[in-house]
Amino acid sequence: MDMVIDLASKKAAVIFTKSSCFMCHSIKALFYDLGASPAVHELDQLTNGKEMECALQRLGCNPSVPAVFIGGKYIGSAKDIISLHVDGSLKEKLIEAKAIWF
Amino acid sequence: MMANVSPRTDTSADGDIDDKIPAFHNSDGMIVSNASERSRDQKTLRRLAQNREAARKSRLRKKAYVQQLESSRMQLTQLEQDLQRARQQGKYISSSGDQSQSMSGNGALAFDVEYARWLEEHTRRANELRGAVNAHAGDAELRIIVDGILTHYDDIYRIKSEAAKADVFHILSGMWKTPAERCFLWLGGFRSSELLKLLMSKLEPLTEQQMLAITNLQQSSQQAEDALSQGMEALQQSLADTLAGSLAQSNSPGNVASYMGQMAMAMGKLGTLENFICQADNLRQQTFQQLHRILTTRQSARAVIAINDYFSRLRALSSLWLARPRE
C-alpha cells in the first residue's frame, strides 16, 4: 500500500496498468493525446506487482487496473476517466495538478 | 272387369301416356304392369337407390369435414397456449440478467426483439415531442417529454449491456441495426462525435458559451473514441500474434499443451471485448447527457427530433437499398 501511495505521489499523473490489459492501453492513449505524460507502472512487470494489485483492490479499485491517480489522489478506473473527460472535469484536474497546461 | 287403378307414387315429371294405362289383374290375381311400366319401376327404383347412396356419401363427407374442423380447432387452441407460454418465458428471459444459459441460444434474437420494441416506443415519443413543438407547447411540457426520452435511452443501454454479456459478437456485428446504419458502426453503435457535428448547425442560435461547450464536448468524445479504438487495435494485434504463435507448433504432445495454453490465452483476450462495448456505450450515454446539460429545453427538444430524423432517414435508406431492383 505504501508503495502504491508513494508511486502515486511521485508524478502529477500516474496510471497503474498491466501489459495484458487493453483497456489500460486505451486510457494511456487518452492521456498521451491530452498531452499529459503519465507515469505508467505495469503491475505484471514489477516484482511486487501482486501486492500492489491487492493494495489497489483494498482502495476500492474494481477492476484493479487501470487505476488512475492525479495529484496523488485516486481518480478512478476506465469508466470514471471517460465520464470525467466528457464533462470536462478530467482536463480541469490535470491542469490543477499541473500535468497539462491547457 | 274393371281393374283397380292403384295410385302409384311416381317421381317422374314426364306425363307419360303409359301412366294412364291401368294395371289389370291376371288369372292369378296379381297386379301385372306392362313392359314399359316395369321398366319405369326399375328406373324409379334405381333412381331412389342412387339418391339414397348419394345422400349417404354426402353425410359421410360432411362428417369427415366436421371431424377435420374439430381437430384443427384443438390444434389451434394448443398452439395458442404454447405461444402464450413462450411469450411469458421470453419476457422472463429478456428481463432477467441471470439467464445466461437460456439467452445464449436465442440471446441475439431476444435482443433484436427488445431493440425493435424499444425503437418503436422511442419513435412514438419522438413524434409526441414533434407534435408538442409544432403546437407551440410551453417549456414545462417539452421538458417532461424530453426527460422521458432521456430516461428511456437508459433502458436500451441496460438491455444492450445484458445482451453483450450473452453474445458480445452479435452486438459488435451491428446486425441488429439496418444496413445503412451499419455503415457507420463503431464498437457496436454510433459515434457520438459525428452525431454532435451533425447537430451543431441544427441547434442555432447558440450562445458563445454553448458553442464553446459543445465544441469541447465534440472534441472530448472524439478523443475518447480514438483512445478506445487504439485499445481495440492493440487487442486485435495481440490476438493475431497469439494465434500466429500457436500455428508455429508441430503436433508433438508438448506442443499440443502449448496450443491449448495459447487458445486459453486467446479466449481471455476475447473476453475483454465486452468491456470495450461497455465503455463505448458509456461514452455514448455520457455524451448525450452532457449535451442536454448544455442546451436549453427548447434546444434539447430540437436535438432529440433532429437525431430521430437523421436515423429515420438512415433506416429509410436501408429499406430502399434492400428493395432495390437487381439485375
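About the cut-offs
Residues numbered from 1 in each chain as written. Chains lettered and ligands numbered in written order. Predicted model: local features only at pLDDT ≥ 70, side-chain atom pairs only at ≥ 80, totals over all residues. Heavy atoms only, no water. Helix = DSSP H or I, 4+ residues; strand = E, 2+ residues; numbered from the N terminus. Buried < 20%, exposed > 50% of the residue type's maximum accessible area, 1.4 Å probe, protein only. Contact = heavy atoms within 4.5 Å. Areas by Shrake-Rupley, 256 points an atom, 1.4 Å probe, with all protein chains shown as cover. Salt bridge = Lys/Arg side-chain N within 4 Å of Asp/Glu carboxyl O. Polar contact = N/O pair within 3.5 Å; in protein donor to acceptor, adjacent residues only side chain to side chain. Nonpolar A, V, L, I, M, F, W, Y, C, P; charged D, E, K, R; others polar. Disulfide = S-S within 2.5 Å. Pairing = 2+ DSSP bridges. Axes fitted to C-alpha atoms, helices over the stretch in contact; angles between N-to-C directions. pLDDT = per-residue confidence, 0-100. Expected span 1.5 Å × (residues − 1).

Draft legend 1. Layout of the overall build of chain B. Scanning chain B from terminus to terminus reveals 11 helices and 2 strands. Overall, chain B shows an N-to-C arrangement of helices and strands of α-β-β-α-α-α-α-α-α-α-α-α-α. Looking at chain B residue by residue over its 327 residues, the buried ones come to 33%. Long-range contacts, defined as pairs at least 24 residues apart, comprise 69% of the intrachain contacts of chain B with a sequence gap of at least 6. Accessible area of chain B: about 20700 Å², with a carbon and sulfur share of 57%.

Draft legend 2. The arrangement of the interface of chain B and chain A in detail. Taken residue by residue, the interface counts 23 residues in chain B and 16 residues in chain A. Between chain B and chain A we count 0 salt bridges in total. Taken together, the links from chain B to chain A amount to 4 residue pairs in polar contact (both at pLDDT 80 or more). Of all the secondary structure elements, the ones that give two or more residues to the side of chain B that touches chain A are α8 (208–247) and α10 (273–294) of chain B. When residues of the side of chain B that touches chain A are assigned to their parent elements, the largest contribution, 12 residues, is made by α8(B). Among the residues forming the side of chain B that touches chain A, the class breakdown is 8 nonpolar, 13 polar and 2 charged.

Draft legend 3. Broad picture of the state of the cysteines. Residues and elements named next belong to chain A. Inspection of the entire model under this criterion finds 0 disulfides over all chains. Among the cysteines around Cys61, which has no disulfide bond, Cys24 carries the closest sulfur, lying 11 Å off. On the basis of relative accessibility, which here comes to 3%, the residue Cys61 falls in the buried class.

Draft legend 4. Highlighting the environment of Ile27(A). Residues and elements named next belong to chain A. Within the secondary structure, Ile27 sits in helix α2 (residues 22–33). Taking the C-alpha atoms as reference, Ile27 lies 8.9 Å from Ser77; in sequence the two are 50 residues apart. Every residue in contact with Ile27, bar those within four places of it in the chain, is listed here: Ile15, Pro66, Val68, Ala78 and Ile81.

Draft legend 5. Summary view of the sheet that holds strand β4 (residues 73–76) of chain A. Residue and element names in this part refer to chain A. One open sheet holds the 4 strands; their spatial order is β2-β1-β3-β4, and the pairing between them is mixed. On the outer flanks of this sheet lie β2 (39–42) and β4, each paired with one strand and no other. Here the strands of the sheet are splayed against their neighbours by 25° on average, with no regard to which way each runs.

Draft legend 6. Spatial organisation of unusual backbone geometry. For the bond from Val65(A) to Pro66(A), the omega torsion is 0°, close enough to zero to count as cis. Here Pro66(A) shows up in the loop between α3 (49–59) and β3 (67–70). Across the junction of Glu204(B) and Pro205(B), the peptide omega takes the value 0°, indicating a cis bond. Mapped onto the elements, Pro205(B) comes out in the loop between α7 (192–202) and α8. Not every positive phi belongs to a glycine, and His136(B) is a case in point at roughly 55°. The backbone phi angle of Leu187(B) is positive, close to 45°, even though this residue is not glycine. Of the residues examined, Leu187(B) reaches a relative accessible area of 10% and is grouped as buried.

Draft legend 7. Representation of the confidence of the model for chain B in the model. Residue and element names in this part refer to chain B. Looking at chain B, the pLDDT average stands at 84 and 78% of residues meet or exceed 70. pLDDT under 50 marks residues 92–104. Its contacts with residues more than four places away, or in other chains, come to 9 contacts. We note a pTM of 0.74 for the whole complex and an ipTM of 0.96 for its interfaces.

Draft legend 8. Spotlight on α2(A). All names here are of chain A. For α2, spanning 12 residues, the distance from its first C-alpha to its last is 17 Å, which sits close to the expected 16 Å at 1.5 Å a residue. Counting buried residues along α2, 9 of its 12 residues qualify, which places the element largely inside the surrounding structure. Those residues of α2 lying buried are Phe22, Met23, Cys24, Ser26, Ile27, Lys28, Ala29, Leu30 and Phe31. Gly35 occupies a position one or two residues after α2 and carries a positive phi of about 90°.

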